[in-house]
Amino acid sequence: MSKESANKMWGGRFTSSPSEIMEEINASVAYDKRLAPQDIAGSIAHARMLGEQGIISKADVKSIIKGLEGIRAEVTEDRFEWSTALEDVHMNVESRLRETIGEPAGRLHTARSRNDQVATDFRLYIRDTIDGFLATLGELQLELARKAEANAATVMPGFTHLQPAQPVTFGHHLLAYVEMLARDRSRFQDARKRLNECPLGAAALAGTSFPIDRKATAAALDFDRPTANSLDSVSDRDFVLETLSAASLCAMHLSRFAEEIVIWSTPQFGFIRLSDAWTTGSSIMPQKRNPDAAELVRARVGRVAGAFTSLLLVMKGLPLAYSKDMQEDKEVTFDALDSFATALSAMAGMVKDLEPNKERMHAAAGAGFSTATDLADWLVRELGLPFRDAHHVTGTIVAEAERRNVNLEELDLEDLQKVEPRITKAVFSVLSVDKSVASRTSHGGTAPQNVRKMARQWIKRLEKEGLAG
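None of these values were measured; they are calculated from a predicted model.

Conventions we followed
- Residues numbered from 1 in each chain as written.
- Predicted model: local features only at pLDDT ≥ 70, side-chain atom pairs only at ≥ 80, totals over all residues.
- Heavy atoms only, no water.
- Helix = DSSP H or I, 4+ residues; strand = E, 2+ residues; numbered from the N terminus.
- Rg over C-alpha atoms; globule rule 2.2 N^0.38 Å.
- Buried < 20%, exposed > 50% of the residue type's maximum accessible area, 1.4 Å probe, protein only.
- Contact = heavy atoms within 4.5 Å.
- Areas by Shrake-Rupley, 256 points an atom, 1.4 Å probe, with all protein chains shown as cover.
- Lys, Arg positive; Asp, Glu negative; His and termini not counted.
- Charge placed at Lys NZ, Arg CZ, Asp CG, Glu CD.
- Expected span 1.5 Å × (residues − 1).
- Salt bridge = Lys/Arg side-chain N within 4 Å of Asp/Glu carboxyl O.
- Polar contact = N/O pair within 3.5 Å; in protein donor to acceptor, adjacent residues only side chain to side chain.
- Pairing = 2+ DSSP bridges.
- Core = buried A, V, L, I, M, F, W, Y, C linked by side-chain atoms within 4.5 Å.
- Phe/Tyr/Trp six-rings, centres within 6.5 Å; stacked < 30°, edge-to-face > 60°.

Counting secondary structure elements, the protein chain contains 19 helices and 6 strands. In terms of overall size, the protein chain is more extended than a compact globule, its C-alpha atoms giving a radius of gyration of 31 Å where 469 residues would be expected to give roughly 23 Å. Projecting the C-alpha coordinates of the protein chain onto the three principal axes gives extents of approximately 100 × 50 × 40 Å. For the protein chain, with 469 residues in total, the buried portion stands at 48%. When contacts within the protein chain are restricted to residue pairs at least 6 apart in sequence, long-range pairs at least 24 apart make up 75% of them. Of the roughly 22700 Å² of accessible surface on the protein chain, a fraction of 52% belongs to carbon and sulfur atoms. A distance of 3 Å separates the average location of the 58 positive side-chain charges in the protein chain from that of its 65 negative side-chain charges.

What follows is about helix H5 (residues 58-76). The end-to-end C-alpha distance of H5 is 27 Å, a good match for the 27 Å that 19 residues give at a rise of 1.5 Å each. Where H5 is concerned, the buried positions are Asp60, Val61, Ile64, Ile65, Gly67, Leu68, Ile71 and Glu74. Looking at the packing, one finds that the buried side of H5 touches helix H4 (36-52) and helix H6 (89-101). After H5 finishes, the residue Asp78 shows a positive phi value of roughly 60 degrees.

Along the chain, Arg214 turns up in helix H9 (residues 214-220). The buried charged residue Arg214 lacks any salt bridge partner; its closest oppositely charged side chain belongs to Asp116, at an N-O distance of 6.9 Å. Polar contacts involving the side chain of Arg214 include one to the main-chain carbonyl oxygen of Cys198, which spans 2.8 Å.

So, about the pairing of strand S1 (residues 155-160). Sheet topology note: the S1/strand S2 (residues 163-169) ladder contains 6 bridges and is antiparallel. Each bridged residue has a counterpart across the sheet, and for Pro157 the counterpart in S2 is Pro167. The turn linking S1 back onto S2 is made up of 2 residues, and His161 within it adopts a positive phi angle of 60 degrees.

Phe188, Leu254, Phe340 and Met347 are the most contacted members of the largest nonpolar core, which has 94 residues in total. Among the elements that line this core, the one with the most residues is helix H11 (residues 238-264), at 15 residues. Among the nonpolar cores identified, the runner-up in size contains 20 residues, and Ala376, Val398, Leu408 and Val430 belong to it.

With that settled, consider the packing of aromatic side chains. All chains considered together, the criterion is met by 12 aromatic pairs. Measuring from ring centre to ring centre gives 5.8 Å for Phe170 and Trp264, while their planes differ by 70 degrees; the resulting arrangement is edge-to-face. One end of the pair, Phe170, is in helix H8 (residues 170-195); the other, Trp264, is in helix H11, with 94 residues separating them in the sequence. Classification of Trp264 as buried rests on a relative accessible area of 3%. Taking 5.2 Å as the distance between ring centres and 75 degrees as the angle between the ring planes, the aromatic pair formed by Phe269 and Phe271 counts as edge-to-face. On the basis of relative accessible area, Phe269 is assigned to the partly exposed category, the value being 22%. In this structure Phe271 comes out as buried when scored by relative accessible area, which is 2%. Through a chain of ring-to-ring contacts, three or more aromatic side chains come together here, namely Phe122, Tyr125, Phe239 and Phe334.

Next up, the structure:
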């Protein structure tokens, strides 16, 4: 379609074509065409409502819906010819509808504007996207919980400051991410609940004088209700920002786990192994097995959080109601949410694939005198020492073990009694890493019996949600 014919979309106000640069900066169809399914669904709901309200004829409604369904097939089958001159997805669909059915197409835009149209389309798209995230997050949680159950007694080092701290189990470590992801899912669910109101019928900014039924269009599109204020309906994108915020937090959690996968898979740690499906080689070093999938997941948080910041800055100074600045909401959002979706799927695949090196983990768990706290607790519990005194005694014993280059359980009883004469041989019952983790039975602790119980609870809950895949 020529630029001149494109101007017919605007009526008689414009008599000449836009400059090429204006056309380039103004057009959004290159990326917003992905909203075509939502745009068509919204138009069908709007047309049906117009017909039910007697605003347009039943015959026109029938013709419009048939034409839109034909366009939907063209889009689905990648046969639709998109035109930059027509600016965006809405005008491309409307123009094609006019080509297909003629005059009735012009009646579809009665009692609506591109402002409420795009707000509706975008809410539908974000809602669909969140639904996909919720499903994939549940699948990732399920993979983690299953792996946790299988490794409820697999002992590994627990770290603070990335230094050995206290022994934990690998299952307990994995369940920490199950909990994080549960909060992430909750944030997405909250965002979905708040966005599930229908802007259609708000028109440009002030509503419309036509006797429309906004509740009907909202119900037809599975919204909970129509939006309550026409100005707010078309002028805010907080539902996108909230989704990007939730995605940023979740991407941060994925990034932290990805970093651990990178560390754990190094020869220096050797805690896990990823198969060829999730690693790559080197063009020059034939021995290399690089955890590139984890590294790329780790990086994705930058794109997601960057999109949140970008849109926040776009929106921060805009007066009500709609401004063309808001066209900048989609490209960064699509890129960020696509990137996030890929990262989620990749992490689920890596979790399912990775295998722990139990022997290496167990050996590392005893390094760095990781049962020192167990010794201090024993001194408090059995000898009645104040914890600060027990802390000092234990520190002295650790220094002796370090001087001798042995682990705590390798010290002789006489060595321990030189520091605290009341220590008995019973102390050795708490100095092994296995007995250390077994003793952590407090709610939320790392004891294998706790981990099994919690993992099974999560598995049951997630499978009940239909995520047994």
